[in-house]
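# Tertiary structure, described
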Amino acid sequence: MTEQKLSEEQSKDLFFKELEAIAQRMIERHGKDFAMGALVLAARWIAEDRMKKPEQVN
């Protein structure tokens, strides 16, 4: 495996760990239905290119 590929894999793994932690906190505070709905909604926004650009985030 090339160094670039390994770095990409490690980066993706870190994002999955972050998503897991966020999902777990949402489940603990608001339940599984909320967590699933929020993640599905985020996926929809990504698919529809409706996510705010980094400079637009407050």
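Up top you'll find the structure we're talking about.
Summary of the structure given here. Model, not experiment: these values are computed from the prediction.

What follows deals with the overall build of the protein. Looking only at helices and strands, the protein has two helices and zero strands in total. Computed over its C-alpha atoms, the radius of gyration of the protein comes to 15 Å, more than 25% above the 10 Å expected for a compact globule of 58 residues. With the C-alpha coordinates of the protein rotated into their principal frame, the extents come out at 40 × 25 × 20 Å. Relative to its full complement of 58 residues, the protein shows a buried share of 5%. Accessible surface, the protein as shown: approximately 5600 Å² in total, 58% of it carbon and sulfur. Computed over 10 positive and 11 negative side-chain charges, the inter-centroid distance for the protein is 6 Å.

The next point concerns helix α2 (residues 32–47). A rise of 1.5 Å per residue sets the reference length of α2, with its 16 residues, at 22 Å; its end C-alpha atoms lie 22 Å apart and thus fit the reference within 8%. Two residues or fewer past α2, aspartate 49 is found with a positive phi of approximately 55 degrees.

This part takes up the pattern of salt bridges. Within this structure, the stated rule accounts for three salt bridges. Salt-bridge contacts for arginine 44 lead to glutamate 48; the nearest nitrogen and oxygen are separated by 3.0 Å. Measuring nitrogen to oxygen at the nearest pair gives 3.0 Å for the salt bridge that ties arginine 50 to glutamate 48. Arginine 50 gets classed as exposed once you look at its relative accessible area, which sits at 51%. Exposure remark for glutamate 48: the relative accessible area of 38% places this residue in the partly exposed category. Here the salt bridges do not stand alone but share partners, grouping Arg44, Glu48 and Arg50 into one network.

Conventions we followed
- Residues numbered from 1 in each chain as written.
- Predicted model: local features only at pLDDT ≥ 70, side-chain atom pairs only at ≥ 80, totals over all residues.
- Heavy atoms only, no water.
- Helix = DSSP H or I, 4+ residues; strand = E, 2+ residues; numbered from the N terminus.
- Rg over C-alpha atoms; globule rule 2.2 N^0.38 Å.
- Buried < 20%, exposed > 50% of the residue type's maximum accessible area, 1.4 Å probe, protein only.
- Areas by Shrake-Rupley, 256 points an atom, 1.4 Å probe, with all protein chains shown as cover.
- Lys, Arg positive; Asp, Glu negative; His and termini not counted.
- Charge placed at Lys NZ, Arg CZ, Asp CG, Glu CD.
- Expected span 1.5 Å × (residues − 1).
- Salt bridge = Lys/Arg side-chain N within 4 Å of Asp/Glu carboxyl O.

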